[in-house]
Amino acid sequence: MGPHPAVAAIRLAVRRVLHDVLTDHAPDTPPRAPLVLVACSGGADSMALASALAFEAPKLGVRAGGITVDHGLQSGSDLRADEVVLRLTELGLAPAESVAVTVGRDGGPEAAARDARYAALDAAAERHGAAAVLLGHTRDDQAETVLLGLARGSGTRSLSGMAAVSGGPGAARRYRRPFLHLDRQTARKACMAQSLPVWDDPHNADPAYTRSRLRHEGLPALEKALGKGVVEALARTAQLSRDDADALDAWAGQAEASVRDAGGLLECAKLYALPPAVRRRILRRAAIEAGAPAGSLFARHIEEIDRLITGWRGQGAINLPGKVVAQRQGGRLVIRQG
């Protein structure tokens, strides 16, 4: 008799990702087996992921470890982090450690916690020489991310949600999300089938947080109004949007050189001739290169720059985040530090 269907599903998802990691690192394989870390909060999603990694990694010759991040946002968080380390150790993961972080305020509490968490995971991956870090985001998380992007009106890239593979500093394919095609209940059932203790973060049910309200109020309301299948449809939207956004990014990358003059300045007439989706990608990239923080650069900023190209009426300079200024001078678009 085989494992519970939910356990089999999570193990298969992890096995596929480990095969991809081994393929990616085959040319640079060191004498020692590659190390894959799991980011584990102690919740059902990440505990299911940790258990699947512990089961599959030895069969493929991969070392497996775990990291839990203590955000320090709740009383007793350090003790809970120690409990997670103990559970990871009991699963056979090594190294298994807790990393404490200080959460700032930039971008709001959720964004600040996320930034602190990824910084800690990046540092841990570098410190241990990890080939990859596995994250327990599920299809439900993906659906929530798409809806949040839709609410912000941030365009196709925002609607593409989370990538199955994404990077960190100096590591383009560090983060892997094996569960994006699995729902949250599958992970929870896998934990129950294996008698794995899980911790339900009270922040996940706190209406003070946008994602929590969306999870407990927004998505259920959509499913009530539109019927079941909303989560699956949003996840498909994410993949389709990502494919479109990747193609447009590639087009913009190829077109950028053709709209710059000999001195490297953007020529307004040539930009005007491009499709809006391509032109705005070039403008966004130019603003980031000039020093505008990507996370603070919103669609409205790019639209304002775009009007210097498509609606030129002699208007003045546009102020952008990061003290960057965009202005039109003699048929050229100049984007620089102010």
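Everything below is about the structure shown above.
Residues numbered from 1 in each chain as written. Predicted model: local features only at pLDDT ≥ 70, side-chain atom pairs only at ≥ 80, totals over all residues. Heavy atoms only, no water.

Undergrad: Would you take a moment to explain unusual backbone geometry for this structure?
TA: A negative phi angle characterises most non-glycine residues, just as the trans form characterises most peptide bonds. Cis peptide bonds are those with omega within 30 degrees of zero, and the linkage from A94 to P95 qualifies with 5 degrees. With respect to the element layout, P95 can be found in the loop between α3 (77-90) and β3 (96-100). Despite not being glycine, S195 has its phi angle at roughly 55 degrees, a positive value. Despite not being glycine, K323 has its phi angle at roughly 60 degrees, a positive value. Note that K323 resides in the loop between β8 (318-320) and β9 (324-329). (Helix = DSSP H or I, 4+ residues; strand = E, 2+ residues; numbered from the N terminus.)

Undergrad: Help me out: how do you make sense of the side chain of E144 in this one?
TA: Along the chain, E144 falls in helix α5 (residues 139-152). Sequence-distant contacts of E144, defined by excluding residues within four places in its chain, comprise R184, R211, L214, R215 and L219. (Contact = heavy atoms within 4.5 Å.)

Undergrad: Got a minute to help me understand the pattern of salt bridges in this structure?
TA: A side chain of one charge can pair with a side chain of the opposite charge when the charged atoms of the two come close. Summed over the entire model, instances satisfying the criterion amount to 27 salt bridges. Put simply, D141, E144, R184, R211 and R215 are held in one network by salt bridges that share partners. (Salt bridge = Lys/Arg side-chain N within 4 Å of Asp/Glu carboxyl O.)

Undergrad: Looking at this model, I keep getting lost on the nonpolar core. Mind explaining?
TA: Note that soluble globular proteins tend to have their nonpolar side chains buried in a common cluster. Ranked by size, the top nonpolar core spans 34 residues in total, and within it V14, V36, L53 and F179 carry the most contacts. The contact partners of V36, leaving out residues within four places of it in the chain, are L18, V21, L53, V62, R63, A64, G65, A132 and L134. Membership of the second largest hydrophobic core comes to 26 residues, among which are I282, L283, I305 and A326. (Core = buried A, V, L, I, M, F, W, Y, C linked by side-chain atoms within 4.5 Å. Buried < 20%, exposed > 50% of the residue type's maximum accessible area, 1.4 Å probe, protein only.)

Undergrad: How should I be thinking about the environment of H25 in this particular structure?
TA: Following the sequence through the fold, H25 ends up in helix α1 (residues 5-25). Taking C-alpha positions, H25 is 36 Å from F298, a pair spaced 273 residues apart along the chain.

Undergrad: Explain α3 to me, please; I cannot follow it from the model alone.
TA: The end-to-end C-alpha distance of α3 is 20 Å, a good match for the 20 Å that 14 residues give at a rise of 1.5 Å each. On its buried face, α3 is in contact with α2 (44-56), β2 (63-70) and β3. Directly after α3, the chain includes G92, whose backbone phi takes a positive value near 100 degrees. (Expected span 1.5 Å × (residues − 1).)

Undergrad: Honestly, α5 in this entry has me stumped. Any pointers?
TA: One full turn of an α-helix is made of 3.6 residues, so residues set three or four places apart face in the same direction. With 14 residues, α5 ought to run about 20 Å at 1.5 Å a step, and its terminal C-alpha atoms sit 20 Å apart, in line with that. Within α5, eleven of the 14 residues are buried, leaving the element largely enclosed by the surrounding structure. Looking at the buried residues of α5, the elements they touch are α2, α6 (156-159), α7 (184-193), α8 (210-226) and α9 (230-256).

Undergrad: Before we go on, may I ask you to explain the sheet that holds β8 in this structure?
TA: Working definition: the strands of a sheet are paired by backbone hydrogen bonds and lie parallel or antiparallel to each other. If you trace the four strands from one edge of the open sheet to the other, you get β7-β10-β9-β8, paired in antiparallel fashion. Among the strands making up the open sheet, the edge pair consists of β7 (266-267) and β8. Both β9 and strand β10 (residues 332-337) contribute to a ladder of six bridges, which runs antiparallel. Counterpart to Q327 in the pairing with β10 is V334. Lying over the sheet, helix α12 (residues 299-310) contacts β8, β9 and β10, oriented at roughly 15 degrees with respect to β9. (Pairing = 2+ DSSP bridges. Axes fitted to C-alpha atoms, helices over the stretch in contact; angles between N-to-C directions.)

Nothing here speaks to function; it is all geometry.
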